[in-house]
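Letter by letter, the chains look like this.
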Amino acid sequence: MVFAELVQYVVTGLLVGGVYALMSIGLGLIFGVMRVVNFAQGDFMMLGMYVTYFYAVAGSIDPLVGALLAVPPFFVLGWIVHRLLLARVTGGDPGRQHDAQLILTLGLSLVITNATTMILTPTPRGIRTSYATQAFAVGPVLLNQARSYAFVMALVLAGLVYLFLTRTDLGRALRAAADDPEAASYQAIDVRTMHGLAFGVGIALVAAAGGLLATYYPIEPNVAGNFIVLMFVAVVLGGLGSIPGAFVGGILIGLVQSLTLLVLPFQLQNTGVFVAFLLVLYLRPQGLFGRRARTV
Amino acid sequence: MLTVAGLGVSYGGLRALVDLTLEVGEGEFVTLVGPNGAGKTTLLKAISGTAAATGTIVYRGRDLGALRASERAALGIAHVPEGRRVFPSLTVFENLELGSYRRAARRGRAQALQEVLELFPILRQRRSQLAGSLSGGEQQMLALGRGLMAQPDVLLLDEPSQGLGPRIVEQIFETIDRIRRERRLTILLVEQRVVEALELCDRGYVLETGRVVLAGARDALLADPRVQRAYLGA
(Lines give C-alpha, C1' and ligand atoms only; values in the text may rest on other atoms or scores of the structure.)
Protein backbone atom coordinates (compact mmCIF):
# COMPACT_ATOMS: atom_id res chain seq x y z
CA MET A 1 0.00 0.00 0.00
CA VAL A 2 2.81 2.35 0.94
CA PHE A 3 4.62 1.22 -2.17
CA ALA A 4 1.62 2.01 -4.39
CA GLU A 5 1.47 5.47 -2.85
CA LEU A 6 5.14 6.02 -3.63
CA VAL A 7 4.63 4.92 -7.24
CA GLN A 8 1.68 7.29 -7.48
CA TYR A 9 3.84 10.24 -6.42
CA VAL A 10 6.64 9.23 -8.78
CA VAL A 11 4.25 8.96 -11.72
CA THR A 12 2.59 12.28 -10.93
CA GLY A 13 6.03 13.86 -10.66
CA LEU A 14 7.14 12.47 -14.00
CA LEU A 15 3.98 13.73 -15.70
CA VAL A 16 4.38 17.33 -14.55
CA GLY A 17 8.13 17.01 -15.07
CA GLY A 18 7.59 16.51 -18.79
CA VAL A 19 6.00 19.94 -19.10
CA TYR A 20 8.71 21.49 -16.91
CA ALA A 21 11.27 19.86 -19.18
CA LEU A 22 9.76 21.48 -22.26
CA MET A 23 9.76 24.96 -20.73
CA SER A 24 13.29 24.48 -19.42
CA ILE A 25 14.59 23.50 -22.84
CA GLY A 26 13.36 26.86 -24.12
CA LEU A 27 15.20 28.74 -21.40
CA GLY A 28 18.29 26.55 -21.81
CA LEU A 29 18.40 27.07 -25.56
CA ILE A 30 18.25 30.84 -25.20
CA PHE A 31 20.96 30.84 -22.57
CA GLY A 32 23.11 28.34 -24.43
CA VAL A 33 23.15 30.22 -27.71
CA MET A 34 22.82 33.84 -26.59
CA ARG A 35 24.25 33.74 -23.04
CA VAL A 36 21.19 35.76 -22.09
CA VAL A 37 19.30 34.97 -18.90
CA ASN A 38 15.71 35.53 -19.94
CA PHE A 39 13.70 36.61 -16.92
CA ALA A 40 10.66 37.09 -19.14
CA GLN A 41 10.52 33.38 -20.01
CA GLY A 42 7.73 32.74 -17.46
CA ASP A 43 5.72 35.62 -18.88
CA PHE A 44 5.88 34.21 -22.39
CA MET A 45 4.66 30.97 -20.86
CA MET A 46 1.76 32.88 -19.31
CA LEU A 47 0.96 34.45 -22.70
CA GLY A 48 1.02 30.96 -24.20
CA MET A 49 -1.56 29.90 -21.64
CA TYR A 50 -3.82 32.83 -22.55
CA VAL A 51 -3.48 32.27 -26.28
CA THR A 52 -4.42 28.63 -25.77
CA TYR A 53 -7.32 29.78 -23.60
CA PHE A 54 -8.62 32.12 -26.28
CA TYR A 55 -8.17 29.46 -28.95
CA ALA A 56 -10.39 27.25 -26.75
CA VAL A 57 -12.99 29.91 -25.92
CA ALA A 58 -13.25 31.65 -29.27
CA GLY A 59 -12.44 28.79 -31.61
CA SER A 60 -13.42 25.74 -29.55
CA ILE A 61 -9.93 24.42 -30.12
CA ASP A 62 -8.80 21.76 -27.69
CA PRO A 63 -5.92 23.12 -25.58
CA LEU A 64 -3.68 20.22 -26.57
CA VAL A 65 -4.03 21.36 -30.17
CA GLY A 66 -4.01 25.01 -29.09
CA ALA A 67 -0.62 24.51 -27.48
CA LEU A 68 0.76 23.39 -30.84
CA LEU A 69 -0.95 26.27 -32.63
CA ALA A 70 0.79 28.64 -30.22
CA VAL A 71 4.17 27.65 -31.66
CA PRO A 72 4.18 29.65 -34.94
CA PRO A 73 2.93 33.01 -33.57
CA PHE A 74 5.27 32.81 -30.58
CA PHE A 75 8.21 31.94 -32.78
CA VAL A 76 7.51 35.10 -34.75
CA LEU A 77 7.02 37.09 -31.54
CA GLY A 78 10.34 35.83 -30.19
CA TRP A 79 12.09 36.68 -33.44
CA ILE A 80 10.67 40.22 -33.37
CA VAL A 81 11.50 40.78 -29.69
CA HIS A 82 15.05 39.70 -30.47
CA ARG A 83 15.35 41.96 -33.49
CA LEU A 84 13.86 45.03 -31.84
CA LEU A 85 15.20 44.72 -28.30
CA LEU A 86 17.69 41.98 -27.52
CA ALA A 87 19.84 42.44 -30.62
CA ARG A 88 20.77 45.86 -29.24
CA VAL A 89 22.38 44.37 -26.15
CA THR A 90 23.84 41.12 -27.49
CA GLY A 91 26.60 40.16 -29.85
CA GLY A 92 29.23 42.52 -28.57
CA ASP A 93 31.56 42.15 -25.61
CA PRO A 94 29.52 39.83 -23.34
CA GLY A 95 31.06 41.08 -20.11
CA ARG A 96 29.92 44.63 -20.73
CA GLN A 97 26.40 43.81 -21.83
CA HIS A 98 25.17 41.53 -19.05
CA ASP A 99 23.71 44.37 -17.02
CA ALA A 100 21.75 45.68 -19.96
CA GLN A 101 20.47 42.21 -20.79
CA LEU A 102 19.30 41.53 -17.23
CA ILE A 103 17.50 44.85 -16.98
CA LEU A 104 15.95 44.38 -20.41
CA THR A 105 14.49 40.92 -19.77
CA LEU A 106 13.44 41.84 -16.24
CA GLY A 107 11.72 44.96 -17.59
CA LEU A 108 10.08 42.94 -20.32
CA SER A 109 8.74 40.59 -17.67
CA LEU A 110 7.24 43.47 -15.66
CA VAL A 111 5.68 45.05 -18.73
CA ILE A 112 4.12 41.78 -19.91
CA THR A 113 2.73 40.87 -16.47
CA ASN A 114 1.25 44.30 -15.86
CA ALA A 115 -0.08 44.83 -19.35
CA THR A 116 -1.80 41.45 -19.16
CA THR A 117 -3.27 42.31 -15.76
CA MET A 118 -4.57 45.61 -17.13
CA ILE A 119 -6.06 44.19 -20.28
CA LEU A 120 -7.28 40.79 -19.14
CA THR A 121 -7.87 41.48 -15.42
CA PRO A 122 -6.25 39.43 -12.66
CA THR A 123 -9.20 37.01 -12.48
CA PRO A 124 -7.99 33.43 -12.86
CA ARG A 125 -9.42 31.50 -15.78
CA GLY A 126 -9.48 27.89 -16.68
CA ILE A 127 -10.11 25.76 -19.73
CA ARG A 128 -12.75 23.09 -19.27
CA THR A 129 -11.96 19.84 -20.96
CA SER A 130 -13.60 16.47 -20.68
CA TYR A 131 -10.35 14.85 -19.65
CA ALA A 132 -9.13 17.29 -16.99
CA THR A 133 -10.92 15.43 -14.21
CA GLN A 134 -10.55 11.92 -15.64
CA ALA A 135 -7.80 9.49 -14.91
CA PHE A 136 -6.32 6.37 -16.45
CA ALA A 137 -6.14 3.63 -13.85
CA VAL A 138 -3.07 1.42 -14.04
CA GLY A 139 -3.53 -1.05 -11.22
CA PRO A 140 -3.80 1.05 -8.08
CA VAL A 141 -2.04 4.01 -9.72
CA LEU A 142 -4.08 6.84 -11.25
CA LEU A 143 -2.79 8.92 -14.14
CA ASN A 144 -4.65 12.17 -14.59
CA GLN A 145 -5.62 12.30 -18.25
CA ALA A 146 -4.89 15.97 -18.86
CA ARG A 147 -1.41 15.58 -17.36
CA SER A 148 -0.81 12.38 -19.30
CA TYR A 149 -1.69 13.97 -22.62
CA ALA A 150 0.34 17.06 -21.77
CA PHE A 151 3.28 14.84 -20.85
CA VAL A 152 3.17 12.94 -24.14
CA MET A 153 2.88 16.16 -26.16
CA ALA A 154 5.78 17.69 -24.25
CA LEU A 155 7.94 14.66 -24.99
CA VAL A 156 7.02 14.76 -28.67
CA LEU A 157 7.89 18.47 -28.92
CA ALA A 158 11.14 17.96 -27.03
CA GLY A 159 11.95 15.07 -29.37
CA LEU A 160 11.34 17.28 -32.40
CA VAL A 161 13.65 19.92 -30.97
CA TYR A 162 16.28 17.26 -30.43
CA LEU A 163 15.99 16.07 -34.03
CA PHE A 164 16.16 19.65 -35.26
CA LEU A 165 19.32 20.32 -33.27
CA THR A 166 21.12 17.13 -34.24
CA ARG A 167 19.91 16.27 -37.74
CA THR A 168 19.54 19.54 -39.61
CA ASP A 169 22.20 21.96 -40.82
CA LEU A 170 20.38 24.83 -39.17
CA GLY A 171 20.14 23.03 -35.83
CA ARG A 172 23.81 22.10 -35.91
CA ALA A 173 24.70 25.67 -36.81
CA LEU A 174 22.71 26.78 -33.77
CA ARG A 175 24.75 24.47 -31.53
CA ALA A 176 27.96 25.61 -33.18
CA ALA A 177 27.04 29.23 -32.48
CA ALA A 178 26.44 28.25 -28.86
CA ASP A 179 29.83 26.52 -28.62
CA ASP A 180 31.93 29.23 -30.25
CA PRO A 181 30.32 32.19 -32.01
CA GLU A 182 33.55 33.43 -33.57
CA ALA A 183 34.45 30.04 -35.03
CA ALA A 184 30.84 29.71 -36.21
CA SER A 185 31.10 32.94 -38.15
CA TYR A 186 34.15 31.47 -39.97
CA GLN A 187 31.81 28.71 -41.23
CA ALA A 188 29.51 31.33 -42.79
CA ILE A 189 27.07 30.98 -39.88
CA ASP A 190 25.46 34.33 -39.15
CA VAL A 191 25.46 34.54 -35.38
CA ARG A 192 22.79 37.24 -35.23
CA THR A 193 20.39 35.06 -37.21
CA MET A 194 21.18 32.18 -34.85
CA HIS A 195 20.30 34.39 -31.87
CA GLY A 196 16.96 35.27 -33.43
CA LEU A 197 16.31 31.61 -34.16
CA ALA A 198 17.22 30.53 -30.62
CA PHE A 199 15.04 33.21 -29.07
CA GLY A 200 12.13 32.43 -31.39
CA VAL A 201 12.33 28.68 -30.73
CA GLY A 202 12.89 29.22 -27.00
CA ILE A 203 9.81 31.42 -26.71
CA ALA A 204 7.71 29.11 -28.88
CA LEU A 205 8.60 26.13 -26.69
CA VAL A 206 7.76 27.83 -23.43
CA ALA A 207 4.48 29.11 -24.89
CA ALA A 208 3.58 25.59 -26.00
CA ALA A 209 4.47 24.31 -22.55
CA GLY A 210 2.18 26.99 -21.14
CA GLY A 211 -0.62 25.79 -23.41
CA LEU A 212 -0.14 22.23 -22.17
CA LEU A 213 -0.04 23.43 -18.58
CA ALA A 214 -3.32 25.25 -19.16
CA THR A 215 -5.10 21.90 -19.49
CA TYR A 216 -4.80 21.45 -15.72
CA TYR A 217 -3.50 24.70 -14.21
CA PRO A 218 -5.39 27.97 -13.66
CA ILE A 219 -4.44 30.86 -15.96
CA GLU A 220 -3.67 34.26 -14.44
CA PRO A 221 -1.27 37.12 -15.22
CA ASN A 222 0.93 36.37 -12.20
CA VAL A 223 1.43 32.71 -12.95
CA ALA A 224 4.97 33.28 -14.28
CA GLY A 225 6.56 33.61 -10.87
CA ASN A 226 5.61 30.07 -9.86
CA PHE A 227 7.42 28.62 -12.85
CA ILE A 228 10.35 30.83 -13.78
CA VAL A 229 12.20 29.74 -10.64
CA LEU A 230 11.58 26.08 -11.44
CA MET A 231 12.88 26.64 -14.98
CA PHE A 232 16.06 28.30 -13.72
CA VAL A 233 16.66 25.52 -11.23
CA ALA A 234 16.10 22.89 -13.94
CA VAL A 235 18.51 24.59 -16.34
CA VAL A 236 21.25 25.04 -13.73
CA LEU A 237 20.67 21.54 -12.40
CA GLY A 238 21.13 20.06 -15.85
CA GLY A 239 24.20 22.15 -16.60
CA LEU A 240 23.95 25.67 -18.04
CA GLY A 241 23.80 25.59 -21.80
CA SER A 242 23.07 21.87 -22.10
CA ILE A 243 19.75 21.06 -23.79
CA PRO A 244 19.60 17.39 -22.68
CA GLY A 245 20.57 18.71 -19.25
CA ALA A 246 17.65 21.14 -19.22
CA PHE A 247 15.32 18.32 -20.20
CA VAL A 248 16.51 15.97 -17.46
CA GLY A 249 16.57 18.89 -15.02
CA GLY A 250 12.90 19.61 -15.77
CA ILE A 251 11.87 15.98 -15.24
CA LEU A 252 13.83 15.86 -11.97
CA ILE A 253 12.17 19.03 -10.71
CA GLY A 254 8.76 17.47 -11.28
CA LEU A 255 9.82 14.32 -9.47
CA VAL A 256 11.36 16.08 -6.49
CA GLN A 257 8.42 18.47 -6.23
CA SER A 258 5.99 15.57 -6.16
CA LEU A 259 8.00 13.43 -3.76
CA THR A 260 8.34 16.37 -1.37
CA LEU A 261 4.60 16.11 -0.82
CA LEU A 262 5.19 12.76 0.86
CA VAL A 263 6.82 14.53 3.78
CA LEU A 264 5.81 18.20 3.54
CA PRO A 265 2.50 20.02 3.05
CA PHE A 266 1.51 21.31 -0.40
CA GLN A 267 2.53 24.92 0.30
CA LEU A 268 6.10 23.76 0.84
CA GLN A 269 6.37 21.59 -2.25
CA ASN A 270 9.23 23.65 -3.70
CA THR A 271 11.34 23.24 -0.56
CA GLY A 272 12.48 19.82 -1.73
CA VAL A 273 13.38 21.31 -5.13
CA PHE A 274 15.70 23.85 -3.56
CA VAL A 275 17.28 21.32 -1.21
CA ALA A 276 18.02 19.05 -4.18
CA PHE A 277 19.31 22.08 -6.09
CA LEU A 278 21.73 23.05 -3.32
CA LEU A 279 22.93 19.47 -3.02
CA VAL A 280 23.68 19.25 -6.74
CA LEU A 281 25.45 22.60 -6.74
CA TYR A 282 27.52 21.46 -3.78
CA LEU A 283 28.44 18.05 -5.18
CA ARG A 284 28.58 18.86 -8.90
CA PRO A 285 28.69 22.61 -9.46
CA GLN A 286 28.81 22.37 -13.26
CA GLY A 287 25.38 20.69 -13.21
CA LEU A 288 24.53 17.14 -14.20
CA PHE A 289 25.39 17.51 -17.88
CA GLY A 290 27.69 20.52 -17.73
CA ARG A 291 31.22 20.48 -18.96
CA ARG A 292 33.78 21.19 -16.30
CA ALA A 293 35.75 23.50 -18.53
CA ARG A 294 35.66 24.67 -22.11
CA THR A 295 38.26 23.36 -24.48
CA VAL A 296 40.43 26.03 -25.97
CA MET B 1 43.05 37.77 -55.46
CA LEU B 2 43.33 39.29 -52.01
CA THR B 3 44.69 42.78 -51.58
CA VAL B 4 45.12 44.47 -48.24
CA ALA B 5 46.04 48.14 -48.27
CA GLY B 6 46.68 50.64 -45.50
CA LEU B 7 45.24 48.29 -42.91
CA GLY B 8 45.15 49.48 -39.32
CA VAL B 9 43.73 47.81 -36.24
CA SER B 10 43.70 49.18 -32.70
CA TYR B 11 42.63 47.49 -29.48
CA GLY B 12 41.76 50.22 -27.02
CA GLY B 13 44.66 52.72 -27.57
CA LEU B 14 46.97 49.89 -28.60
CA ARG B 15 47.91 49.73 -32.27
CA ALA B 16 48.08 46.11 -33.33
CA LEU B 17 48.53 46.77 -37.04
CA VAL B 18 49.84 49.91 -38.68
CA ASP B 19 49.32 50.79 -42.33
CA LEU B 20 49.81 47.23 -43.48
CA THR B 21 49.86 46.41 -47.17
CA LEU B 22 49.94 42.89 -48.51
CA GLU B 23 48.89 40.91 -51.52
CA VAL B 24 48.07 37.30 -52.21
CA GLY B 25 47.76 36.26 -55.85
CA GLU B 26 45.54 33.54 -57.27
CA GLY B 27 47.00 30.12 -56.43
CA GLU B 28 49.80 31.66 -54.47
CA PHE B 29 51.08 30.41 -51.11
CA VAL B 30 52.02 33.36 -48.93
CA THR B 31 53.55 33.00 -45.49
CA LEU B 32 53.64 35.68 -42.87
CA VAL B 33 56.09 35.18 -40.04
CA GLY B 34 56.92 37.17 -36.99
CA PRO B 35 57.25 36.95 -33.23
CA ASN B 36 54.43 36.72 -30.76
CA GLY B 37 52.38 39.89 -30.65
CA ALA B 38 53.48 41.09 -34.07
CA GLY B 39 49.87 41.25 -35.24
CA LYS B 40 49.68 38.08 -37.32
CA THR B 41 46.42 36.81 -35.85
CA THR B 42 44.96 40.30 -35.95
CA LEU B 43 45.66 40.50 -39.68
CA LEU B 44 43.76 37.28 -40.37
CA LYS B 45 40.89 38.41 -38.14
CA ALA B 46 40.70 41.72 -39.99
CA ILE B 47 40.50 39.86 -43.30
CA SER B 48 37.79 37.53 -41.94
CA GLY B 49 35.84 40.34 -40.35
CA THR B 50 36.21 39.54 -36.66
CA ALA B 51 38.55 42.44 -35.88
CA ALA B 52 37.44 45.98 -36.72
CA ALA B 53 39.93 47.52 -39.12
CA THR B 54 40.58 50.69 -41.09
CA GLY B 55 41.97 50.59 -44.62
CA THR B 56 40.79 48.39 -47.46
CA ILE B 57 40.57 44.66 -48.01
CA VAL B 58 39.67 43.70 -51.55
CA TYR B 59 38.88 40.11 -52.45
CA ARG B 60 38.33 39.26 -56.11
CA GLY B 61 37.64 42.88 -56.90
CA ARG B 62 35.14 43.23 -54.08
CA ASP B 63 35.64 45.48 -51.07
CA LEU B 64 34.99 43.40 -47.96
CA GLY B 65 34.71 46.42 -45.67
CA ALA B 66 30.94 46.40 -45.25
CA LEU B 67 30.54 42.61 -45.02
CA ARG B 68 30.08 40.68 -41.80
CA ALA B 69 32.34 37.72 -40.99
CA SER B 70 29.72 35.16 -42.03
CA GLU B 71 29.24 36.90 -45.36
CA ARG B 72 32.97 36.90 -46.04
CA ALA B 73 33.13 33.18 -45.23
CA ALA B 74 30.23 32.63 -47.62
CA LEU B 75 32.37 34.10 -50.42
CA GLY B 76 34.88 31.27 -50.05
CA ILE B 77 37.37 32.59 -47.51
CA ALA B 78 38.01 29.77 -45.02
CA HIS B 79 39.67 30.76 -41.77
CA VAL B 80 41.29 28.04 -39.66
CA PRO B 81 41.70 30.03 -36.47
CA GLU B 82 44.44 30.13 -33.88
CA GLY B 83 43.87 27.59 -31.14
CA ARG B 84 41.87 25.40 -33.58
CA ARG B 85 38.48 26.43 -32.19
CA VAL B 86 36.65 23.23 -33.11
CA PHE B 87 33.09 23.03 -31.75
CA PRO B 88 33.74 20.97 -28.62
CA SER B 89 30.22 19.70 -27.95
CA LEU B 90 29.63 18.64 -31.56
CA THR B 91 30.88 15.37 -32.99
CA VAL B 92 33.79 15.20 -35.39
CA PHE B 93 31.43 14.63 -38.32
CA GLU B 94 29.15 17.46 -37.31
CA ASN B 95 32.16 19.75 -37.17
CA LEU B 96 33.19 18.70 -40.66
CA GLU B 97 29.71 19.04 -42.10
CA LEU B 98 29.39 22.56 -40.71
CA GLY B 99 32.53 23.41 -42.66
CA SER B 100 30.38 23.20 -45.77
CA TYR B 101 27.51 25.19 -44.27
CA ARG B 102 27.99 27.95 -46.82
CA ARG B 103 25.53 27.58 -49.65
CA ALA B 104 28.09 27.24 -52.41
CA ALA B 105 29.74 24.30 -50.62
CA ARG B 106 26.68 22.20 -49.81
CA ARG B 107 26.42 20.40 -53.12
CA GLY B 108 30.01 19.24 -52.97
CA ARG B 109 29.77 18.17 -49.34
CA ALA B 110 29.91 14.38 -49.79
CA GLN B 111 32.86 14.64 -52.18
CA ALA B 112 34.71 17.07 -49.91
CA LEU B 113 34.13 14.78 -46.94
CA GLN B 114 35.72 11.86 -48.76
CA GLU B 115 38.75 13.98 -49.63
CA VAL B 116 39.16 15.25 -46.08
CA LEU B 117 38.89 11.73 -44.65
CA GLU B 118 41.49 10.59 -47.13
CA LEU B 119 43.84 13.34 -45.92
CA PHE B 120 43.11 12.60 -42.25
CA PRO B 121 42.04 8.95 -41.85
CA ILE B 122 42.07 9.31 -38.07
CA LEU B 123 39.00 11.56 -38.30
CA ARG B 124 36.99 8.68 -39.73
CA GLN B 125 37.79 6.58 -36.68
CA ARG B 126 36.83 9.46 -34.42
CA ARG B 127 33.72 10.48 -36.36
CA SER B 128 31.16 10.05 -33.57
CA GLN B 129 33.40 11.35 -30.82
CA LEU B 130 32.87 14.85 -29.42
CA ALA B 131 35.46 17.19 -30.89
CA GLY B 132 36.32 18.44 -27.41
CA SER B 133 37.62 14.99 -26.50
CA LEU B 134 40.22 14.88 -29.28
CA SER B 135 43.93 15.41 -28.72
CA GLY B 136 45.48 18.71 -29.80
CA GLY B 137 46.88 17.23 -33.00
CA GLU B 138 43.57 15.62 -33.91
CA GLN B 139 41.77 18.88 -33.24
CA GLN B 140 44.15 20.66 -35.58
CA MET B 141 43.44 18.09 -38.28
CA LEU B 142 39.74 18.56 -37.66
CA ALA B 143 40.04 22.35 -37.86
CA LEU B 144 41.98 22.05 -41.10
CA GLY B 145 39.49 19.49 -42.42
CA ARG B 146 36.59 21.76 -41.49
CA GLY B 147 38.25 24.57 -43.43
CA LEU B 148 38.65 22.34 -46.49
CA MET B 149 35.01 21.25 -46.27
CA ALA B 150 34.13 24.81 -47.26
CA GLN B 151 35.81 24.09 -50.61
CA PRO B 152 37.32 27.53 -50.25
CA ASP B 153 39.10 29.71 -52.74
CA VAL B 154 41.40 31.11 -50.05
CA LEU B 155 42.56 29.31 -46.94
CA LEU B 156 43.71 31.42 -43.99
CA LEU B 157 45.79 29.35 -41.59
CA ASP B 158 46.59 30.76 -38.18
CA GLU B 159 49.50 29.01 -36.43
CA PRO B 160 48.55 25.43 -37.19
CA SER B 161 51.66 24.23 -35.32
CA GLN B 162 50.80 25.93 -32.05
CA GLY B 163 51.10 23.72 -28.99
CA LEU B 164 51.75 20.52 -30.94
CA GLY B 165 54.56 17.98 -30.71
CA PRO B 166 57.26 17.93 -33.43
CA ARG B 167 55.96 14.83 -35.20
CA ILE B 168 52.44 16.16 -35.48
CA VAL B 169 53.75 19.53 -36.64
CA GLU B 170 55.70 17.84 -39.38
CA GLN B 171 52.61 15.89 -40.43
CA ILE B 172 50.46 19.03 -40.47
CA PHE B 173 52.97 20.96 -42.58
CA GLU B 174 53.27 18.03 -44.99
CA THR B 175 49.52 17.93 -45.35
CA ILE B 176 49.33 21.66 -46.01
CA ASP B 177 51.99 21.26 -48.67
CA ARG B 178 50.05 18.37 -50.19
CA ILE B 179 46.76 20.31 -50.22
CA ARG B 180 48.51 23.12 -51.93
CA ARG B 181 50.17 20.96 -54.59
CA GLU B 182 47.06 18.91 -55.33
CA ARG B 183 44.54 21.72 -55.41
CA ARG B 184 46.46 24.84 -56.22
CA LEU B 185 44.58 26.45 -53.39
CA THR B 186 45.43 30.04 -52.48
CA ILE B 187 46.87 29.99 -48.97
CA LEU B 188 47.84 32.67 -46.47
CA LEU B 189 49.74 31.04 -43.61
CA VAL B 190 50.71 32.79 -40.42
CA GLU B 191 53.38 31.13 -38.28
CA GLN B 192 55.94 31.52 -35.56
CA ARG B 193 57.95 28.57 -36.89
CA VAL B 194 59.80 30.66 -39.37
CA VAL B 195 61.87 28.13 -41.32
CA GLU B 196 59.25 25.45 -41.85
CA ALA B 197 56.62 28.01 -42.74
CA LEU B 198 58.81 29.95 -45.17
CA GLU B 199 59.97 26.76 -46.88
CA LEU B 200 56.37 26.01 -47.84
CA CYS B 201 55.62 29.35 -49.43
CA ASP B 202 56.12 31.12 -52.72
CA ARG B 203 56.45 34.49 -51.09
CA GLY B 204 56.66 35.73 -47.55
CA TYR B 205 56.40 38.72 -45.26
CA VAL B 206 58.07 39.35 -41.94
CA LEU B 207 55.89 41.23 -39.48
CA GLU B 208 57.14 43.02 -36.37
CA THR B 209 55.07 45.13 -33.98
CA GLY B 210 52.28 45.59 -36.48
CA ARG B 211 54.44 46.52 -39.47
CA VAL B 212 55.86 44.64 -42.41
CA VAL B 213 59.63 44.86 -42.02
CA LEU B 214 60.64 42.52 -44.81
CA ALA B 215 59.00 41.00 -47.86
CA GLY B 216 60.16 38.84 -50.71
CA ALA B 217 60.29 35.49 -52.44
CA ARG B 218 60.95 32.37 -50.38
CA ASP B 219 64.62 31.85 -51.15
CA ALA B 220 65.49 35.50 -50.82
CA LEU B 221 63.84 35.64 -47.41
CA LEU B 222 65.44 32.45 -46.17
CA ALA B 223 68.81 33.76 -47.27
CA ASP B 224 68.31 37.26 -45.89
CA PRO B 225 70.85 37.97 -43.15
CA ARG B 226 68.22 39.72 -41.01
CA VAL B 227 65.97 36.66 -41.07
CA GLN B 228 68.96 34.45 -40.40
CA ARG B 229 70.07 36.55 -37.47
CA ALA B 230 66.68 37.04 -35.90
CA TYR B 231 65.05 33.69 -36.44
CA LEU B 232 67.47 31.08 -37.54
CA GLY B 233 70.06 31.74 -34.90
CA ALA B 234 72.85 32.06 -37.48
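Residues numbered from 1 in each chain as written. Chains lettered and ligands numbered in written order. Predicted model: local features only at pLDDT ≥ 70, side-chain atom pairs only at ≥ 80, totals over all residues.

Asks: Just checking my understanding: could you explain the overall build of chain B for this structure?
Replies: Across its full length, chain B carries 11 helices and 10 strands. For chain B, the C-alpha radius of gyration of 17 Å lies close to 17 Å, the compact-globule estimate for 234 residues. Principal axes of the C-alpha set define a box for chain B whose edges measure 45 × 45 × 35 Å. Evaluated residue by residue, chain B yields a buried proportion of 48% over its 234 residues. Within chain B, residue pairs in contact and separated by at least 24 positions form 67% of the contacts whose partners lie at least 6 positions apart. (Helix = DSSP H or I, 4+ residues; strand = E, 2+ residues; numbered from the N terminus. Rg over C-alpha atoms; globule rule 2.2 N^0.38 Å. Buried ≥ 20, exposed ≤ 12 C-beta atoms within 10 Å, placed from the backbone. Contact = placed C-beta atoms within 7 Å.)

Asks: Mind showing me how you'd approach the overall build of chain A here?
Replies: Check the secondary structure of chain A and you find 12 helices and 2 strands. Listed by position from the N terminus, the elements making up chain A come as α-α-α-α-α-β-β-α-α-α-α-α-α-α. Here chain A has a C-alpha radius of gyration of 19 Å; the compact-globule value for 296 residues is 19 Å, and the two agree. Expressed along its principal axes, the backbone C-alpha trace of chain A runs to roughly 60 × 45 × 35 Å. The buried share of chain A, reckoned over its 296 residues, is 53%. Counted over contacts in chain A with a minimum sequence separation of 6, partners at least 24 positions apart contribute 77%.

Asks: Whenever I open this one, the interface of chain B and chain A confuses me. Can you help?
Replies: Size of an interface: often given as the accessible area lost when the parts come together. Contacts between the two partners involve 22 residues from chain B and, on the opposite side, 18 residues from chain A. Grouping the amino acids of the side of chain B that touches chain A by side-chain chemistry returns 9 nonpolar, 8 polar and 5 charged. (Nonpolar A, V, L, I, M, F, W, Y, C, P; charged D, E, K, R; others polar.)

Asks: What's the story with the sheet that holds strand E4 (residues 54–59) of chain B in this structure? I'm lost.
Replies: What links the strands of a sheet is backbone hydrogen bonding, and the strands pair in either a parallel or an antiparallel sense. All names here are of chain B. Across the sheet, 4 strands lie side by side as E2-E1-E4-E5; this open sheet has antiparallel pairing. Two strands close off the open sheet at either side, each with one partner strand: strand E2 (14–24) and strand E5 (62–63). Set on the sheet, helix H1 (residues 40–48) makes contact with strand E1 (2–11), E2 and E4; between it and E2 the angle comes to about 70°. (Pairing = 2+ DSSP bridges. Axes fitted to C-alpha atoms, helices over the stretch in contact; angles between N-to-C directions.)

Asks: Mind showing me how you'd approach the packing of helix H1 (residues 2–34) of chain A against helix H11 (residues 243–260) of chain A here?
Replies: Two packed helices can be described by the angle between their axes and the distance between those axes. Residue and element names in this part refer to chain A. H11 packs onto H1 with a crossing angle of 145° between their chain directions and a minimal axis gap of 6 Å. Crossing of H1 against H11: the hand is right-handed. Of the residues in the contact of H1 with H11, the class split is 18 nonpolar, 12 polar and no charged. (Left-handed = near helix turned anticlockwise from the far one by under 90°.)

Asks: Is there a simple way to explain the sheet that holds strand E3 (residues 29–33) of chain B in this structure?
Replies: Residues and elements named next belong to chain B. Strands sit in the order E6-E7-E8-E3-E9-E10 across an open sheet of 6 strands; the sheet is mixed. Single-partner strands in this sheet number two, and they are strand E6 (77–80) and strand E10 (211–217). Taking each pair of neighbouring strands and ignoring which way they run, the sheet shows an average axis angle of 15°. Relative to strand E8 (residues 186–191), strand E7 (residues 154–158) is paired through 5 bridges, and the arrangement is parallel. Looking at the pairing, leucine 156 lines up with leucine 188 of E8. On the sheet, H1 packs against E3, E6, E7, E8 and strand E9 (203–208) and is oriented at approximately 150° with respect to E7.

Asks: Is there a simple way to think about the packing of helix H2 (residues 41–59) of chain A against helix H9 (residues 191–213) of chain A in this case?
Replies: All names here are of chain A. It is at 7 Å that the axes of H2 and H9 come closest, and there the two elements cross at 50°. Viewed along their axes, H2 and H9 adopt a mutual orientation that is oblique. Crossing geometry of H2 relative to H9 is assigned as right-handed. Of the residues in H9, those touching H2 at Gln41, Phe44, Met45, Met46, Leu47, Gly48, Met49, Val51 and Thr52 are Ile203, Val206, Ala207, Ala208, Ala209, Gly210, Gly211 and Leu213. Each residue belonging to the contact of H2 with H9 can be placed in one class, and the counts come to 12 nonpolar, 5 polar and no charged. (Parallel < 35°, antiparallel > 145°, perpendicular 65-115°, else oblique.)

Note that all results are geometric; they support no functional claim without further evidence.
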